[in-house]
Amino acid sequence: MSIPNHILEQLNSQADLISIIGRHTTLKRAGNEYKGCCPFHGEKSPSFYVNPQKNIYHCFGCGVGGNAISFLRDYESLTFIEAVNELSKQTGIEVPKEEQQNVSYQRTKQPTVKPTPQAPTAPPSEDSTPAGQNQDNSASSYSDAFVYDEGHYDNYPPVDIYDSVPYSSEDYGSDYQSSSDSGDGYPPSWLTDTDAITNLHNLNPAADEDGNLYELLEQIQQFYQHNLATHPHAKHYFLSRGITEDIFETFGLGYAPFGWQHLEHQFPQDIEGLKALGLVRQSESGRDYDLLRDRVIFPIRDNQGRTIGFGGRALDNEVKPKYINSSDSPVFHKQHVLYGYYESRQQRADSWLVVEGYMDVIALYQAGIYGAVASMGTAINESQISRLLTLNPTLTLSFDGDSAGQKAAWRTLEVALPVLADDKELRFLTLPNNHDPDTFIKSQGGDAMREQIANAMPLSQYIFAYLSERYDLTLAEGKAKLMSQVRSLTTALPKGSSFRYLLNNDIYQKLGGKRSQNVEAKDALLDFDGDMTISQQLQLCFLFQPRTLIDDPIEIIWQRAGINGLHLPPHIQQKASPDVLRPIAWEDLQDTALLDIVSTIKRCLNYLPKDANAAAHFILSNLKPLTQETLSRGWSGFYKTLTARNVLSLDELVENLVMQLLKLHLQKKMQELIKNPDHIKLAIVRKQSQLLNDWLRAQQAEQSAQMVTVQS
């Protein structure tokens with residue numbers, strides 16, 4: 001199976017290399033890079049570096065290096081195809097079928113289009129507006145790969161060491177072929193004759209050879225750019241918006257002239273390529289026409305700076321749609337591209353800002369604010385946000401203050417939550433007086449814009465501000481609805497997230513709560529029935545808040561306590577059974593009733609009513625008769641006690657109860673192993689118990705500090 005180079009480049013550049021390598025070694029941010037101990041050879045001092053800008057890694061100890069594909073092959077022992085398929089699943093980039101893979105197209109020997117004054121009977125069906133995103137770039141060579149930032153590191157390897165470590169395409173197998181720099185295309189006519197645009201067929205010495213879409217796009221970009229220089233009204237549009245001529249060149253800005261078939265006339269031998277790119281389309285009457293006409297042009301570039309598509313803006317604001325993007329093609333996939341990413345990376349941007357439009361990106365860049373990106377008319381997605389948060393743990397979103405802009409901001413917030421680990425931060429910027437970044441910079445200047453970005457609203461404040469406008473907080477019902485939506489949002493946060501508890505508690509306090517939800521919940525349990533066992537309390541809590549089991553609490557605690565990363569001495573590891581380090585499962589607790597309610601809730605989660613009482617009765621009806629009878633006797637009083645105290649969240653209480661069960665289970669297990677000696681298992685269980693106890697003490701200290709803060 002032969003996979004084209006451009007697909008491999010996209011897979012490598014879009015892959016979350018930090019997460020892939022982070023499964024095998026701990027990586028810590030070091031300036032613009034991440035470093036850690038090399039997973040390929042044992043070492044005590046970190047000499048292994050990962051560059052998220054280039055999405056490649058290198059160890060200065062053993063010399064190993066490469067990209068996502070090479071790591072999966074060399075470390076995880078995947079075949080080339082397995083590594084490609086793994087990255088395809090992770091990034092969402094489809095590996096095309098054999099007949100669709102080539103970026104080449106058949107060129108015609110003779111011009112096939114004659115000028116016609118008649119317009120097609122059916123006008124074009126045009127795309128939508130820009131909005132923003134992309135990701136990182138891989139390289140077959142490690143030289144120039146790492147972004148150097150002097151002053152960040154001590155005893156850092158000299159720059160010339162990087163240049164001496166080449167990685168050829170042979171590292172990726174015979175299917176990986178580096179793209180050729182030699183072109184078989186022809187130069188645009190204005191490069192040889194500036195007086196007129198002539199038929200390019202006569203200028204092309206390789207007219208019978210196949211064309212390349214990347215080369216054709218570059219020639220089209222030069223054609224559009226030339227037209228901007230020769231059409232004063234188009235050039236005036238950019239100048240009137242404060243764009244300087246040096247920015248024309250940086251972003252390759254251009255102009256698509258009047259006429260329904262100017263591209264076909266200019267590139268008569270490349271009709272097949274133009275259609276593959278979506279720049280030439282066919283009307284209902286069967287006539288070909290150009291997608292972009294009488295519009296200023298914004299070339300769209302990939303991570304390597306190659307033109308892969310175009311955005312066009314109408315000169316007249318009354319023309320709809322105002323923006324059109326060229327359609328997806330073998331080299332352009334909108335959901336993986338961020339406008340302005342390449343240009344910002346060239347300036348070594350260290351902070352990132354998602355904006356809504358091309359002109360916002362350009363205005364910020366011109367003001368010296370690098371790192372602004374915009375998506376291609378599609379909503380920004382989870383993998384794109386994850387990549388930007390890898391480059392910098394703080395990401396700012398700037399959306400318009402109108403209803404549409406705030407809805408887009410809220411959708412982005414929901415998309416971002418699953419990748420918002422505790423060390424990541426999302427901030428929201430809504431500029432005053434309905435400004436967007438472009439108009440704000442023109443009105444107030446670059447320094448004022450920097451101040452606005454620095455003071456962008458944290459996620460917790462934005463959530464409360466957004467929801468408080470939608471509910472009547474003078475009523476208990478409005479507060480309850482707001483808290484219900486907050487709880488629903490926080491379930492999307494990563495497993496083990498501390499932010500989940502903190503956000504719920506913070507917003508509860510904003511709503512007038514006097515004590516933490518955990519204390520209220522504990523008091524409610526004591527008031528209801530202080531003689532209940534830990535298991536019985538937990539069963540009722542699960543019944544009240546079944547969505548707590550969306551992320552398994554045992555697995556979360558096992559991970560947060562660091563037990564899943566337990567390192568054993570070699571002599572113990574050699575003798576230990578393969579499953580000895582697996583997390584405790586609910587079955588291991590040997591509690592029939594608890595296992596019944598946990599398994600039932602997990603089975604019914606997708607079918608539960610939103611109302612807590614209705615959901616509880618749905619669960620009860622699916623339990624085994626004995627469990628159902630026991631829980632039914634206590635449910636009504638338990639539910640009334642919690643609602644009377646306005647308890648809205650049991651997250652922390654559930655965590656505490658599960659931790660107590662785990663602690664008791666490990667103690668019981670150690671006693672059994674002492675009676676029936678198994679020194680290997682006993683050493684492991686003791687270490688697990690120690691890690692759990694250490695984490696418990698840390699949790700209790702943190703909660704005590706939080707309570708002091710709340711009470712003060």
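Look up: the structure comes first, before these words.
Remember, it's a predicted structure, so these values are computed and weren't measured experimentally.

(A) Representation of the overall build of the protein chain in the model. When helices and strands are tallied, the protein chain shows 28 helices and 18 strands. Counting all 712 residues of the protein chain, 52% fall into the buried class. Of all intrachain contacts in the protein chain linking residues separated by at least 6 positions in sequence, the fraction that spans at least 24 positions is 72%. When the accessible area of the protein chain is evaluated, it comes to approximately 32,500 Å², of which 48% is carbon and sulfur surface.

(B) View of the pattern of salt bridges. Going through the model one piece at a time under the given rule, you end up with 17 salt bridges. Among the salt bridges present, the one from Lys602 reaches Asp552, with a minimum N-O distance of 2.6 Å. Remark: Asp552 occurs in the loop between α21 (534-544) and α22 (553-560) and Lys602 occurs in helix α24 (residues 592-604); sequence separation between them is 50 residues. A relative accessible area of 9% means that Asp552 is categorised as buried. Salt bridges linked by common partners bring Glu9, Asp302 and Arg306 together as one network.

(C) How the structure looks around empty space enclosed by the protein. Counted by the stated rule, this structure contains 3 cavities of 30 Å³ or more. Within this model, the largest cavity holds a volume of roughly 150 Å³. Along its surface, the largest cavity is lined by 18 residues, and Gln10, Gln14, Asp302, Asn303 and Ile308 are the ones closest to its centre. Sorting elements by how many residues they give to the lining of the largest cavity places helix α1 (residues 5-14) first, with 5 residues. Partitioned by chemical class, the residues of the lining of the largest cavity number 6 nonpolar, 9 polar and 3 charged.

(D) Representation of α21. The buried fraction of α21 amounts to 10 of the 11 residues, a majority that puts the element mostly inside the structure. Considered for burial, the residues of α21 that qualify are Ile534, Ser535, Gln537, Leu538, Gln539, Leu540, Cys541, Phe542, Leu543 and Phe544.

(E) Main features of the pairing of strand β12 (residues 307-314). Burial runs high along β12: 8 of the 8 residues are buried. Here strand β11 (residues 295-301) runs beside β12; their pairing, made up of 7 bridges, is antiparallel. Bridge pairing links Val296 to Arg313 in β12. Hairpin geometry of β11 and β12 is characterised by an intervening segment of 5 residues between the two adjacent antiparallel strands and by a positive phi of about 90° at Gly305.

(F) Representation of the pairing of strand β2 (residues 33-36) in the model. Of the pairings in the sheet, the one linking strand β1 (residues 28-30) to β2 comprises 3 bridges and is antiparallel in character. By the bridge assignment for β2, Arg29 is matched with Tyr34. Note: β2 against strand β3 (residues 48-51), 3 bridges, orientation antiparallel. Paired with Lys35 across the bridge in β3 is Tyr49.

(G) Broad picture of the nonpolar core. Core analysis: the biggest nonpolar cluster contains 60 residues, and Ile220, Tyr224, Phe238, Leu253, Leu292, Phe298 and Tyr339 have the highest contact counts within it. Here Leu292 is in contact with Tyr224, Ala256, His262, Leu279, Ile297, Phe310, Gly312 and Ile324, once residues within four sequence places are set aside. If you look at the next biggest cluster of nonpolar residues, it comprises 56 residues, including Leu549, Trp558, Val654 and Leu692.

(H) Fine view of the side chain of Gln269. Along the chain, Gln269 turns up in the loop between α9 (262-266) and α10 (271-276). Within the structure, the side chain of Gln269 is placed 3.5 Å from the side chain of Arg107, a separation counted as a polar contact.

(I) Inspection of the sheet that holds strand β16 (residues 394-398) at higher detail. As summarised here, the arrangement of the 5 strands in space is β15-β14-β16-β17-β18, forming an open sheet in which the pairing is mixed. Two strands lie at the open edges of the sheet, namely β15 (372-374) and β18 (457-458), each paired on one side alone. Both strand β17 (residues 425-429) and β18 contribute to a ladder of 2 bridges, which runs antiparallel. In the strand pairing of β18, Phe428 is matched with Met457.

(J) Here's a closer look at the sheet that holds β11. If you walk across this open sheet you meet the 4 strands as β8-β11-β12-β13, and the pairing is antiparallel. Two strands bound the open sheet, and with one partner strand each, they are β8 (254-256) and β13 (323-325). On average, adjacent strands in this sheet sit at an angle of 35° to one another, irrespective of strand direction. In terms of strand pairing, β12 meets β13 through 3 bridges, oriented antiparallel. The residue bridging Arg313 from the neighbouring strand is Tyr323, located in β13. Helix α7 (residues 232-240) rests against β8, β11 and β12 of the sheet, and its axis sits at about 65° to β11.

Rules used throughout
Residues numbered from 1 in each chain as written. Predicted model: local features only at pLDDT ≥ 70, side-chain atom pairs only at ≥ 80, totals over all residues. Heavy atoms only, no water. Helix = DSSP H or I, 4+ residues; strand = E, 2+ residues; numbered from the N terminus. Buried < 20%, exposed > 50% of the residue type's maximum accessible area, 1.4 Å probe, protein only. Contact = heavy atoms within 4.5 Å. Areas by Shrake-Rupley, 256 points an atom, 1.4 Å probe, with all protein chains shown as cover. Salt bridge = Lys/Arg side-chain N within 4 Å of Asp/Glu carboxyl O. 1 Å grid on protein atoms, 1.4 Å probe; cavity = no way out; pocket = protein on both sides within 12 Å on 5 of 7 lines; lining within 4 Å. Points joined across faces, edges and corners; volume = space filled by probe spheres on them. Nonpolar A, V, L, I, M, F, W, Y, C, P; charged D, E, K, R; others polar. Pairing = 2+ DSSP bridges. Core = buried A, V, L, I, M, F, W, Y, C linked by side-chain atoms within 4.5 Å. Polar contact = N/O pair within 3.5 Å; in protein donor to acceptor, adjacent residues only side chain to side chain. Axes fitted to C-alpha atoms, helices over the stretch in contact; angles between N-to-C directions.

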